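Chain by chain, the residues:
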Amino acid sequence: MYRYDEFDHDFVRQRVSQYRDQVERRMSGEIDETAFKPLRLMNGVYLQLHAYMLRVAIPYGTLNSRQMRRLARIARDYDKGYGHFTTRQNIQYNWPKLSDTPAILEELAEVEMHAIQTSGNCIRNVSADHFAGAAADEVADPRPYAEILRQWSSNHPEYSFLPRKFKIAVTGAERDRAAIQVHDIGLHLKRNEEGALGFAVWVGGGQGRTPVIAKKIRDFLPEADLLSYTTAIMRVYNLYGRRDNKYKARIKILVNETGEEEFTRQVEAEWQKLKETELKLPQDDLAAIAAYFAPPKLQDRAEGWGLIAAAKKADPGFAAWVHQNVTPHRHPDYGVVTISLKPIGGIPGDADDTQMETVADLAEKFGHDEIRVSHEQNLVLPHVALADLEHVYKALLAVGLATANAGLVSDIIACPGLDYCALANARSIPVAQEISERFASLERQREIGELKIKISGCINACGHHHVGHIGILGVEKKGAELYQITLGGSGDENTSIGQIIGRGFEPEKVTDAVETIVETYLGLRENADETFLEAYRRIGPAPFKEALYGETSKAA
Amino acid sequence: MKKVLTANRLTDGIAVWLGANGQWLENIETALIARHQEAVDALEEAGKSAFNDNLVVDVEVIDVDEVDGDIYPIRLRERIRAAGPTIRTDLGKQAEFKPATAA
Ligand code: HEM
Ligand code: SF4
């Protein structure tokens, strides 16, 4: 993975000491809240309902064991012993003292981490496929490009005052695991007919109150032009993006108001001016960054095939976990392990210090020292030999991390919601917990098959509800929580925005409604291979509406 | 009319309420209840000056009720602030003081 050079170290250290000084001046009353708030936000410090919150960047979701151990230590020493892994592949701490935040940032800097650009109207943490560098279906590792974008966008003066926040995602496989079509810029790394690497460029996707699917404005951009083209997009956005209304300030609105064709023309025209400048990436630089992400040297471990076959027979729990949570690696003797942070009835995305340390140990011992955070709020060990899977499973089981539910109905994404978040209208986590408990039986979950439920506590959509196969949005109605259900959303290579199915449900009725939807699907699917999403796309909302509201109902 | 003054403490962000003795308290139970407009105005003034003195941030006057002698915020948001996360009853005020329930 990428290692800081002297410049990076100095930069991050300077930022920490600058921030330490800002906090001291704030505490002594030298600067007031109006002046200080933007400064703390620039360093990832928010204020939530119960306390401050610190959001730490995990670039493209990649961590090593030393970093994970440090995250665990911070949770233990400065927080309440746990952290929340988010849909943006970051981690959030829910209880840090403002007075401790400089020390926390110092601890992070020691392991090459920080909280810069995790808030504010700048280019945020660049996210990437969590299986990058490992997945069998990958064309090339997208992370070197994410790293190039990270370096280029960090502290870039031109992008410090964008009209609004800006999120970039990169994927390197046909199967989109990074939800690139709901990002401000989505990059799909691929090869053209000549075998050269480049990107399909998607612009103007987003969730929030106005969900929009990105437009593909270029089918193939040579890799050397990554920065010149991105700069062209950013310049058009910086110039014409709306600053008069924060709800209309994202690039998705600009693309829509300008029109896809005209917007593309503007970007291409700008690009002509930039194409042959110093922004063109020399092959040497590309190779130098790519070298940081060189795949680990994986020895053949063919004995694993026999070992797991025997272990599967002996232990049905292990068999279920391998089936559900281990995906094919490009090396046939290896697997990609998804560590579910969704125990039945648990809090999606939360991990305590011991769990984090266990994952760190396993990564070090069995996983070539690599850990990933997925946008589905799980952790991933990308390179585990099949021969070692049983050790990994047993160690995970011992700390409650071996739930065999990746991609199933209890693998729910949920934002913090009203249990923590100052912007929330309703709680999300308890809704996730109750659904998870209702569908606790793994057998039943497997019978249902792939089904993604995503829950947000307000229209900001941090819980991705717009792209949930079943999406749940919490609203406040007459002082009480109410949940609106959308169906048919999806955040992959065939992205779609879910449609509201009808009037909302009271908290005690949401789980029943979800169960009704699932039962309706089971009754209508053509066969066990037709997933919920496929069935919904085939039959549409009508049977679900009828099952939920009866024939005479009107959609609210 | 029943209102109390709430905020988050500057140094650690912990939710606090203004008490009768003019202190910011970590427990809503002993917060000062304003029962008429003049008292609400006084709360607002107290909030402004505490903010200006850099003691607290996010100052707000909130609606409450009294149930069996306990202060019961009207909005769920404020009940959760007063008790702690509903999904971690081992954390927050509910764990530190006498059991309160948010939901
Ligand atoms: C203090 C807590 C948080 C605050 C104040 C916050 C604020 C916001 C706001 C205002 C938006 C809407 C942006 C727009 O539409 O222009 C948003 C979107 C989003 N947030 Fe959060 N959020 C918080 C926590 C989280 C967490 C915990 C996650 C991950 C689980 C997250 C991930 C996202 C994502 C994925 C989006 C939608 C993508 C988009 O920007 O279009 N946020 N957030
Ligand atoms: S969706 Fe709303 S409630 Fe949930 S974390 Fe985002 S801002 Fe908070």
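The paragraphs below set out a description of the structure included in this document.

Cut-offs and rules
Residues numbered from 1 in each chain as written. Chains lettered and ligands numbered in written order. Predicted model: local features only at pLDDT ≥ 70, side-chain atom pairs only at ≥ 80, totals over all residues. Heavy atoms only, no water. Helix = DSSP H or I, 4+ residues; strand = E, 2+ residues; numbered from the N terminus. Buried < 20%, exposed > 50% of the residue type's maximum accessible area, 1.4 Å probe, protein only. Contact = heavy atoms within 4.5 Å. Areas by Shrake-Rupley, 256 points an atom, 1.4 Å probe, with all protein chains shown as cover. Lys, Arg positive; Asp, Glu negative; His and termini not counted. Charge placed at Lys NZ, Arg CZ, Asp CG, Glu CD. Donors = N, O, S within 2.8 Å, 3.2 Å for Na, K, Ca; no water. Axes fitted to C-alpha atoms, helices over the stretch in contact; angles between N-to-C directions. Parallel < 35°, antiparallel > 145°, perpendicular 65-115°, else oblique. Left-handed = near helix turned anticlockwise from the far one by under 90°. Nonpolar A, V, L, I, M, F, W, Y, C, P; charged D, E, K, R; others polar.

### Overview of the overall build of chain A
Argument step 1. Regarding its fold elements, chain A presents 18 helices and 20 strands.
Argument step 2. Its C-alpha atoms put chain A at 60 × 60 × 60 Å along the principal axes.
Argument step 3. Across the 556 residues that make up chain A, the buried fraction comes to 62%.
Argument step 4. The long-range share in chain A, meaning contacts at least 24 apart out of those at least 6 apart in sequence, stands at 68%.
Argument step 5. Summing over all exposed atoms, chain A offers an accessible surface of approximately 21,100 Å²; the carbon and sulfur share of this is 50%.
Argument step 6. Taken together, the 66 basic and 78 acidic charged side chains of chain A have centroids lying 4 Å from each other.

### Things to note about the coordination of the iron atom of ligand 1
Argument step 1. From the protein, the iron atom of ligand 1 takes a single donor atom, Cys462 of chain A (SG), 2.2 Å away.
Argument step 2. Mapped onto the elements, cysteine 462 of chain A comes out in the loop between β17 (453-456) and β18 (470-477).

### Here's the deal with the packing of helix α5 (residues 143-153) of chain A against helix α9 (residues 283-292) of chain A
Residues and elements named next belong to chain A.
Argument step 1. It is at 9 Å that the axes of α5 and α9 come closest, and there the two elements cross at 110°. Taken as axis vectors, α5 and α9 run roughly perpendicular relative to one another. Handedness of the crossing formed by α5 with α9: right-handed. Residues Pro144, Tyr145, Glu147, Ile148 and Gln151 of α5 lie in contact with α9, whose contacting residues are Leu286, Ile289 and Ala290.
Argument step 2. When the residues that make up the contact of α5 with α9 are grouped by side-chain class, the tally is 6 nonpolar, 1 polar and 1 charged.

### Details of the packing of α5 of chain A against helix α6 (residues 226-240) of chain A
All names here are of chain A.
Argument step 1. Following both chains from N to C, one finds α5 and α6 inclined at 55°, their axes separated by 11 Å at the closest point. Looking at the two axes, α5 sits oblique to α6. Relative to α6, α5 is oriented so that their crossing is right-handed. Seen from α5, the contacting residues are Tyr145, Ile148, Leu149 and Trp152; seen from α6, they are Leu226, Leu227, Thr230, Thr231 and Met234.

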